[in-house]
Amino acid sequence: MDISNLKKAIDQEIAGVKTEDDVFAFHQKFLSKSGEITKLMAGIKDIAPEKRGEFGKTCNAIKQDTETRLFKIQDEIKAVALREKLMSDPLVDITIPRLNTKRGTLHPITIVTRDVEEVLERMGFIVEEGNEIATEFENFESINIPKHHPARDMQDTFWLSDGRVLRTHTSMWQNYMMKKYGPSFRAICPGRCFRNEATDATHENTFFQVEGMMVGKDISIANLLYFMKEITTALLKRDDIEVRLRPSYFPFTEPSFEMDATCVFCDGKGCPICKHSGWIELFPCGMIHPRVLEMGGINPKEYRGFAFGFGLTRLAMLRWGIKDIRMFNSGNLDFLAGVTK
Amino acid sequence: MKISLNILKQFVNLDGITPEEIISRFSLTTSEIDGYEVKGLGAPAIVAEIKTCEKVPNSSKLSQLTVFDGQKNHQVVCAAPNVRVGLRVAFAPKGSIVAGIELGVVKLAGVESHGMCLSGRELGISTDHDGIVELPSTSKIGEPITKALPFIVDTIFDFDNKGITNRPDLWGHYGLARELATIFNRPLKPLDRADLSIYSKLPKVPVKIESDKCFFYSALRIENITRKQSPLWMQTALFYLGINAHGYLVDLSNYLMLELGQPNHAFDASKMGVISIGHAPAGKKFMTLKDTEVTTTPEMLFIKSDETLVGLAGVVGGKNSQICSDTTDTIFEFATFDPTNIRRTASAIGLRTDASTRFEKSLDTNLAKLCAERTIFLLKQHDPKMRVASRFSFTKTKETKPIKIKVDRTYVEDFCGVKFDWNIVVKNLTALGFAPVLSAKALSITTPTWRATKDISMGADIIEEIMRTYGYDKIKPVPPTEAVKTVTQPPYRAGINRIKDILTTVHGLQEVHTYLWSEKPSDLRVVNSAIKGCDYVRDTMIPALVSIFKKNRASHTNIKIFEIGRVVLNGKEQRHLCICVPDYKELSEIVSDIIPCKFDIGKSGFHPKNNANIIVNGKVVGGIGVYVGVDMAVAEIVLDAIDPNLLVPEKLFPMPTKYQKNTLDFTFEHDGVYGEIKNVFDKFSHKYNMGFKLKDVYKNCFTVQFTVASHEKTLESEDINDIWQKIIDFGKANSLTLKS
Ligand SMILES: [Zn+2]
C-alpha cells in the first residue's frame with residue numbers, strides 16, 4: 001500500500017475497534033513488526049535518496065498518530081469495562097450509620113480546662129492540682145481570711161465531721177504553690193470547689209475554678225494587666241480585645257481588681273449581655289497581699305506577685321451557651337454527648 | 001444601698017455631672033453602682049389653696065371644697081380629715097394622671113368632684129394616706145409642685161453593698177460625697193454641726209460600760225421636743241431611700257444614720273434609768289421594737305437601764321423604751337460596738353438591720369461624737385424650742401486613732417508600673433482626708449480615723465488609694481522583665497490526660513462528673529449538708545457511676561462511662577479512676593490499655609465471684625468486678641498509688657520486623673479464667689517471642705496464638721520448633737496442659 005491508501009485503511013479500520021480483541025487485531029495488522037506501517041517503512045530503500053528524509057518523517061508521524069489513537073480507544077474500552085464490573089456490585093445505602101456506635105466524649109469542664117492550661121503553659125505557667133478537702137487554716141487563714149472575717153459568712157462553707165472543710169475556692173492553693181515553687185514562679189491551679197447553697201439553673205454547690213499566680217522580684221500592676229490581656233486574647237481567640245481594671249475587694253489581694261474585657265457579643269457597642277456597658281467582667285485579680293506572701297514563706301519586702309482566678313464552669317457555660325449549670329454534674333449522657341470538640 | 005443625689009448635693013456640688021458619669025467614674029475608682037432611678041418628675045400636681053370647706057350632707061367623712069389654682073376655682077370632694085380653709089395643697093385637676101389613672105369628673109355622695117387634693121402616697125413621696133399633704137403657707141399658688149417642693153425630684157442610686165464592705169466610711173452620704181468630691185475634683189463642703197462644749201456644765205447622763213465589746217458609748221439628754229412630724233423633705237428622702245416615716249425623732253435618727261453612716265438610737269427618757277452596756281444571763285426574753293422576741297445568750301451585748309434590757313446593742317432597740325407619740329424627752333445614744341459581736345448577734349437572731357450592717361463594717365469611734373454634733377444642729381433647726389439637758393456624756397474602752405504610714409516613692413512607682421505626677425497624688429489623698437507629706441524619696445501619710453479601723457493599715461493599702469484615684473486607666477500593659485522559663489509539669493497531669501484520651505477516643509467512653517458526697521456510709525461526713533442522708537464523703541466512686549448507669553439505661557444502650565475524681569479513704573484524699581461498661585469482655589482490655597497491670601483473680605471483693613485485683617508492680621491499685629445479670633462491669637483504680645511515669649509509657653511504637661512472622665496456636669485445657677493463662681505467659685520470655693493473644697475460647701479450652709519472628713532473619717524451621725517446644729514446656733511447668 002502507498003501512503004494515502006494506508007491512511008485510508010487505518011481510518012476505516014480504527015473506527016471499527018470496539019473491544020480489547022479488536023485492539024489486538026488492529027495492532028497486529030498495522031503496528032506490529034509485520035504490520036502494514038512497518039512494511040511501508042521497509043519500502044524506503046526504493047525511494048530516491050533526496051526524498052528519503054521526508055518519507056521517513058511521514059511514516060513515523062503516521063505510526064505515532066495511529067498509536068495515540070489506538071491507546072485512547074483502548075483506555076475508553078477499559079473504563080467502560082470497569083464501570084460495567086462495578087455496576088454489578090449490590091446497591092448499598094451509603095448514608096446508613098453503624099448501629100449502636102458509642103462515641104467517647106470528654107466532659108465539657110475537661111475541654112475548657114485543657115484550653116486554659118494550654119494557653120497558660122505557653123506563657124510558662126506550671127499546672128498544679130490541689131486537694132478538694134482543706135483545713136480551716138488552708139481555706140481561710142492562709143489567704144488572709146482570719147476567723148470572724150465577714151468573708152467567711154459570705155462563703156457558705158461545707159464543714160466536715162473531722163473539722164476540715166470542702167474548699168470554697170481555688171485561691172487557697174496560693175499558699176501551697178508558694179511553698180512548693182516560691183519565690184519566683186508562675187502557676188495555675190484548676191480544680192473543683194464547693195459552696196453550701198441551694199442549687200438552681202444558675203447556682204451549683206459544686207463547680208470548677210482556676211487560680212493563677214505569678215511571684216517574682218519586680219512584678220507590677222502593669223505586668224498583671226499585661227498577662228490578663230494576653231490570657232483574654234488567647235482564650236477568646238481575638239486580638240482586638242481591650243481590657244480594663246476596676247477596683248474590687250478580696251482579702252487575699254491588695255489592691256484587688258475586677259478585670260473587664262470588651263464585650264465579645266457586641267464588640268463593645270453595648271448589648272443586653274453586657275448591660276449596655278460594652279464591657280464584660282472576666283477575672284477577679286489583684287496584687288498578692290503581703291500577709292499572704294508571708295504565710296507562703298515569701299518575703300514581701302523582696303518579692304511581689306499577682307493572682308487571678310475565674311470560673312471554669314462559667315467559662316464553659318459562656319462558651320457553649322449552657323443555660324442550666326446543674327447539667328455538668330447531672331450524668332445526663334445526652335447532654336454530655338452534645339459537647340464534642 | 002440606696003443613695004440620694006439631693007442629699008449628696010448638700011455636701012458637694014455635682015452640677016453638670018450626669019448620673020451615668022457618676023456611675024461610670026465611681027465604678028472605675030471605688031466600687032460598683034448597680035443603677036439609678038429618677039423620682040418625682042411625673043408628680044402631677046400644682047399648688048392650690050382651699051377657699052371654702054363644708055361637710056358633704058349625708059356623709060361622715062367627705063368635705064366639699066372650693067380649691068383655687070391661681071386661675072380658677074375647682075369644686076372638689078375630699079375625704080381627708082385635715083382639710084381647712086387657707087391650707088395650701090397639692091392639687092391634681094381633672095385630666096391629671098394620679099397613680100396611673102386619669103382623673104375624670106366623679107360624683108361622691110351626690111356631689112361632683114373636679115380633681116383631687118393629694119396625700120403623700122398619691123404624690124409618691126411617702127406611704128402616708130391619712131390626710132392630704134400640707135404645703136407651707138409660703139408656697140406660690142399655681143406653681144407646679146416640683147417647683148414648690150424641689151426635693152420631690154431626686155435621683156436615687158443603687159450602690160453595690162458587697163463592693164464597699166471594706167469601706168465603713170462609705171455607708172453614709174457624707175462619706176460618699178467626700179469620695180465623689182475627690183473623683184470629680186470638687187470641694188467637699190464642711191458638715192454643719194453644733195458645738196457641744198457649751199453644754200459641758202450640764203449634768204452627765206450616767207453611763208457604765210461593762211463589756212469590752214462596747215468600744216465607745218455616748219449619750220445626750222434632750223428635753224421639750226414638741227415637733228411630731230419631720231420636715232416633708234426629710235420624709236420624702238427617707239421614703240425614697242426605703243424607710244417609712246415614723247414621727248420626728250425616729251425619722252431624725254434614721255436620717256442621721258443615712259447621712260453620716262453612724263447608727264444611733266433615741267430612747268424615751270421617761271423610761272430610762274442608769275444606763276449600762278454589758279451582757280445578760282442566758283435565756284431571758286427581750287422584746288424588740290420590731291415586735292420580735294429574742295432569747296438572750298451570753299454573747300449578746302445589751303443596753304440596760306437599771307438592769308432592764310432596753311436595747312440589743314447595735315442591732316435593734318427595745319419595745320419598752322421606744323419613742324411614743326407623746327415623748328418629749330429623749331436620750332440619744334451614739335456608740336461604737338465590736339463589729340464581730342454585732343455581726344454574730346444579727347445573724348444568730350436572723351435580723352440584719354441597717355444599724356447592724358453598718359456596725360459590722362468596723363466604725364470609727366470618733367464618728368459617734370460627730371453624729372451627736374450633727375444631731376443637735378439639726379434639732380435646733382427643726383425644733384427651736386427643744387432643750388439640751390445634759391452634757392455630751394461618753395465612756396470608752398477603745399478609740400480609733402490615725403495611722404502613720406510611710407512609702408518609698410520609687411517602690412510605689414515600681415509596684416504600679418506607672419510614673420506619677422506626685423502633686424496630683426498629694427491632692428487626691430488630701431481630698432480623701434489623708435494628710436500626706438512628700439519628701440524627695442518618700443511619701444508619709446497620716447490616715448483619717450474613718451479609714452483607720454481596718455481598711456488602711458499598710459503600704460499596699462496606700463498604693464491602692466494612690467493608684468485608684470490617679471486612675472487605673474493610666475496603667476499600660478507591660479511584660480515582666482523576668483524571662484519565661486521552660487517549666488516541668490507535675491508528673492500526674494500527662495498521665496491523666498492520656499487516660500482520658502484513650503478512654504474517650506480509643507474505647508468510646510463518656511466522661512462524667514459526680515458529686516463528692518454519697519449515700520453510702522463512710523468515715524467522713526458533711527455536717528451541714530442540705531441533702532440529708534446523702535452527706536457522706538465518698539470513699540469510692542462506684543455507687544455514683546452505677547447510679548448514672550441505671551438512670552440512663554432506659555434511654556440509652558451500651559452505656560460506657562468513666563470519671564476521674566477524688567475520694568477520701570481513711571482520712572486521706574486520693575485520685576480515683578472509675579470505669580463502668582456494659583460488656584465485661586471490654587473491661588480488662590480497657591484497664592490494660594491505660595495501665596501496665598496484671599489481674600489477681602478472686603481477691604478484690606468487687607463481686608463475690610467475678611472479680612480481680614489490679615496489680616501494678618506487685619502492688620494492688622484497684623479492682624474490677626462483673627455483674628452478669630445486669631450487664632455491667634466496673635473498675636476502680638487508685639491513680640495516686642501508681643508511679644506516674646507508668647501512666648505515660650515510653651515504648652509506644654516498637655520497630656516492626658522486616659522478616660516473615662509466624663503464628664503458633666496452642667489450645668490449653670484450663671478450669672479457670674483466661675487471666676491466669678495470661679499471667680503465666682506474661683512471664684514467658686524468648687528472643688523470638690513477639691507477643692500472644694487469646695484467639696478462641698470454647699468451654700474450658702483456650703486457644704492462645706503466639707506471634708514468633710526475629711529482627712535479624714527469617715526463622716528456620718528449627719528456630720520455630722525450638723520456641724514451640726519451649727512454650728509447651730513453660731505452660732506445663734505452670735500447670736497448663738495442652739488439649740490432647
Ligand atoms: Zn455587649
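Residues numbered from 1 in each chain as written. Chains lettered and ligands numbered in written order. Predicted model: local features only at pLDDT ≥ 70, side-chain atom pairs only at ≥ 80, totals over all residues. Heavy atoms only, no water.

(A) Highlighting the overall build of chain A. Helices and strands together make up the secondary structure of chain A, namely 12 helices and 9 strands. Taken over the C-alpha trace, chain A has a radius of gyration of 40 Å; the compact-globule value for 341 residues is 20 Å, which it surpasses by more than 25%. Across its three principal directions, the C-alpha atoms of chain A cover 120 × 50 × 40 Å. Counting only residues that meet the buried cut, chain A has 51% of its 341 residues in that class. Across chain A, every contact between residues at least 6 apart in sequence was considered, and the portion connecting residues at least 24 apart equals 65%. With the model as given, the accessible surface of chain A reaches about 16700 Å², and the carbon-plus-sulfur share is 54%. In chain A, 46 side chains carry a positive charge and 48 a negative one; their mean positions are 3 Å apart. (Helix = DSSP H or I, 4+ residues; strand = E, 2+ residues; numbered from the N terminus. Rg over C-alpha atoms; globule rule 2.2 N^0.38 Å. Buried < 20%, exposed > 50% of the residue type's maximum accessible area, 1.4 Å probe, protein only. Contact = heavy atoms within 4.5 Å. Areas by Shrake-Rupley, 256 points an atom, 1.4 Å probe, with all protein chains shown as cover. Lys, Arg positive; Asp, Glu negative; His and termini not counted. Charge placed at Lys NZ, Arg CZ, Asp CG, Glu CD.)

(B) Layout of the overall build of chain B. Check the secondary structure of chain B and you find 18 helices and 40 strands. Radius of gyration (C-alpha) of chain B: 41 Å, far over the 27 Å computed for a compact globule of 740 residues. Each of the three principal axes of chain B carries a C-alpha extent, and together these read 130 × 80 × 55 Å. Relative to its full complement of 740 residues, chain B shows a buried share of 53%. Counted over contacts in chain B with a minimum sequence separation of 6, partners at least 24 positions apart contribute 66%. With an accessible surface of roughly 34000 Å², chain B has 52% of that area assigned to carbon and sulfur atoms. Charged side chains of chain B number 92 positive and 84 negative; the gap between the two group centres comes to 3 Å.

(C) Layout of the coordination of the zinc ion. Residue and element names in this part refer to chain A. Surrounding the zinc ion are the protein donor atoms Cys-263 (SG), Cys-266 (SG), Cys-271 (SG) and Cys-274 (SG), at 2.2 to 2.3 Å. Considering all 4 donor atoms around the zinc ion, the spread of angles at the metal, 103 to 113°, places the coordination shape in the tetrahedral class. Counting residues between consecutive donors of the zinc ion along the chain gives the motif C-x2-C-x4-C-x2-C. (Donors = N, O, S within 2.8 Å, 3.2 Å for Na, K, Ca; no water. Tetrahedral: all angles 85-135°; square planar, octahedral: opposite > 155°, others 65-115°.)

(D) Spatial organisation of the sheet that holds strand S7 (residues 253-262) of chain A. Residue and element names in this part refer to chain A. One open sheet accounts for 7 strands, arranged S1-S4-S5-S9-S8-S7-S6; its pairing is mixed. Each end of this open sheet is capped by a strand with a single partner; those strands are strand S1 (126-127) and strand S6 (243-250). Sheet analysis places strand S8 (residues 279-288) next to strand S9 (residues 304-311), joined by 3 bridges and oriented antiparallel. By the bridge assignment for S9, Gly-286 is matched with Ala-307. (Pairing = 2+ DSSP bridges.)

(E) Spatial organisation of empty space enclosed by the protein. For the structure on display, the rule yields 6 cavities of 30 Å³ or more. As a volume, the largest cavity reaches approximately 120 Å³. Taken together, 15 residues line the largest cavity, and the ones lying closest to its centre are Ser248(A), Thr30(B), Asn166(B), Arg167(B) and Glu464(B). Elements with a contribution of two residues or more to the lining of the largest cavity: S6 of chain A together with helix H13 (459-470) of chain B. Looking at the lining of the largest cavity, its residues break down into 4 nonpolar, 5 polar and 6 charged. The computed volume of the second largest cavity comes to approximately 50 Å³. Around the second largest cavity, the lining residues are Leu282(A), Phe283(A), Phe310(A), Gly311(A), Arg314(A), Leu315(A) and Leu318(A). Here the lining of the second largest cavity is built from residues that sort into 5 nonpolar, 1 polar and 1 charged. (1 Å grid on protein atoms, 1.4 Å probe; cavity = no way out; pocket = protein on both sides within 12 Å on 5 of 7 lines; lining within 4 Å. Points joined across faces, edges and corners; volume = space filled by probe spheres on them. Nonpolar A, V, L, I, M, F, W, Y, C, P; charged D, E, K, R; others polar.)

(F) Representation of the sheet that holds strand S20 (residues 308-312) of chain B in the model. Residue and element names in this part refer to chain B. Ordered by their spatial adjacency, 5 strands build an open sheet running S13-S16-S19-S20-S21, and the pairing between neighbours is mixed. Each edge of the sheet is formed by a strand with only one pairing partner; in this case those strands are strand S13 (207-209) and strand S21 (316-317). With 4 bridges connecting them, strand S19 (residues 301-305) and S20 associate as antiparallel partners. When the sheet's bridge partners are listed, Lys-304 is paired in S20 with Leu-309.

(G) Structural detail: the interface of chain B and chain A. Contact with chain B, which involves 78 residues of that partner, is made by 84 residues of chain A. Between chain B and chain A, roughly 6800 Å² of surface is buried when both sides are summed, and carbon and sulfur atoms account for 53% of that area. Contact with chain A buries surface across chain B, with Phe415(B), Gln510(B) and His513(B) losing the most and accounting together for 11% of the total. Our enumeration of links across chain B and chain A arrives at 6 salt bridges. Glu129(A) is the partner of Arg566(B) in a salt bridge, and the nearest nitrogen-oxygen pair spans 2.9 Å. One can count 39 residue pairs in polar contact (both at pLDDT 80 or more) joining chain B with chain A. A per-element tally of the side of chain B that touches chain A places helix H14 (residues 492-506) of chain B first, with 6 residues. Here the side of chain B that touches chain A is built from residues that sort into 32 nonpolar, 24 polar and 22 charged. (Buried area = accessible area lost by both parts, 1.4 Å probe. Salt bridge = Lys/Arg side-chain N within 4 Å of Asp/Glu carboxyl O. Polar contact = N/O pair within 3.5 Å; in protein donor to acceptor, adjacent residues only side chain to side chain.)

(H) Geometry of the nonpolar core. In terms of nonpolar packing, the biggest core is built from 85 residues, with Ile221(A), Met228(A), Phe308(A) and Phe420(B) touching the most fellow members. Per-element accounting of this core gives the leading share, 8 residues, to helix H9 (residues 221-236) of chain A. Sequence-distant contacts of Met228(A), defined by excluding residues within four places in its chain, comprise Met259(A), Phe283(A), Cys285(A), Phe306(A) and Phe308(A). One finds Ala43(B), Leu238(B), Leu378(B) and Phe392(B) within the second-largest nonpolar core, a separate group that totals 78 residues. (Core = buried A, V, L, I, M, F, W, Y, C linked by side-chain atoms within 4.5 Å.)

(I) A look at the confidence of the model for chain B. Per-residue confidence for chain B gives a mean pLDDT of 93; residues scoring 70 or more make up 100%. Interface confidence for the predicted complex, expressed as ipTM, amounts to 0.84; the pTM equals 0.83. (pLDDT = per-residue confidence, 0-100.)

(J) Molecular detail of helix H11 (residues 409-416) of chain B. Residue and element names in this part refer to chain B. Among the residues making up H11, those that are buried are Arg-409, Val-412, Glu-413, Phe-415 and Cys-416. For H11, the angular spread of buried residues about the axis comes to 160°, placing them on one side. Sitting at the amino-terminal end of H11 is Asp-408, which places a side-chain oxygen 3.3 Å from the backbone nitrogen of Thr-410. One or two steps after H11, the chain reaches Gly-417, where phi turns positive at roughly 75°. (Arc of directions from axis to C-beta.)

(K) Main features of the packing of helix H5 (residues 108-122) of chain A against H9(A). Residues and elements named next belong to chain A. Here H5 crosses H9 at 135°, and the two axes come no closer than 10 Å. Taken together, the axis directions place H5 and H9 in an arrangement best described as oblique. Here H5 runs over H9; the crossing is right-handed. Of H9, the residues touching H5 (which contributes Asp-115, Val-116, Val-119 and Leu-120) are Ile-231, Ala-234 and Leu-235. (Axes fitted to C-alpha atoms, helices over the stretch in contact; angles between N-to-C directions. Parallel < 35°, antiparallel > 145°, perpendicular 65-115°, else oblique. Left-handed = near helix turned anticlockwise from the far one by under 90°.)

(L) Structural detail: helix H15 (residues 542-553) of chain B. With 12 residues, H15(B) should reach 16 Å at 1.5 Å per residue; the first-to-last C-alpha distance of 16 Å fits that figure. Burial in H15(B) covers these residues: Ile542(B), Leu545(B), Val546(B), Ile548(B), Phe549(B) and Asn552(B). Axial view of H15(B): buried residues confined to an arc of 155°, hence all on one face. Pointing more than 90 degrees away from the buried face of H15(B) are the exposed residues Lys550(B) and Lys551(B). Contact partners of the buried residues in H15(B): helix H12 (333-338) of chain A together with strand S31 (561-569), strand S32 (572-581) and strand S36 (632-638) of chain B. (Expected span 1.5 Å × (residues − 1).)

(M) The arrangement of unusual backbone geometry in detail. All names here are of chain A. With an omega dihedral of -5°, the bond running from Glu-254 to Pro-255 counts as a cis peptide bond. With respect to the helices and strands, the residue Pro-255 is situated in strand S7. Even without a glycine there, the phi angle at Lys-237 is positive, about 55°. Here Lys-237 falls in the exposed class, since its relative accessible area comes to 65%.

(N) Quick peek at the state of the cysteines. Residues and elements named next belong to chain A. Scanning the model with the defined rule gives 0 disulfides over all chains in all. Free cysteine: Cys-189, not disulfide-bonded; nearest cysteine sulfur from Cys-193 at 8.3 Å. The class of Cys-189 is buried, set by a relative accessible area of 0%. (Disulfide = S-S within 2.5 Å.)

(O) Representation of the packing of aromatic side chains. Applying the stated criterion to the full structure yields 42 aromatic pairs over all chains. Between Phe420(B) and Tyr470(B), the ring centres sit 4.8 Å apart and the planes meet at 80°, which makes this aromatic pair edge-to-face. Placement of Phe420(B) in the loop between H11 and helix H12 (422-431) and of Tyr470(B) in helix H13 is noted, with a sequence separation of 50 residues between them. With relative accessibility at 9%, the residue Phe420(B) sits in the buried group. Counting every residue linked through ring pairs, the aromatic cluster contains Phe125(A), Tyr226(A), Phe227(A), Phe283(A), Phe306(A), Phe308(A) and Phe310(A). (Phe/Tyr/Trp six-rings, centres within 6.5 Å; stacked < 30°, edge-to-face > 60°.)

(P) Inspection of the layout of surface pockets at higher detail. All names here are of chain B. Its volume calculated, the second largest pocket comes out at about 1500 Å³. As for the second largest pocket, its lining consists of 40 residues, of which Ser-588, Glu-589, Phe-599, Tyr-674 and Lys-678 are closest to the centre. Those elements that provide at least two residues to the lining of the second largest pocket are helix H16 (584-594), strand S33 (598-601), strand S34 (611-616), strand S35 (619-627), helix H17 (674-682) and strand S38 (689-698). With 8 residues, the top contributor of residues to the lining of the second largest pocket is H16. Residue composition of the lining of the second largest pocket, by class: 22 nonpolar, 8 polar and 10 charged.

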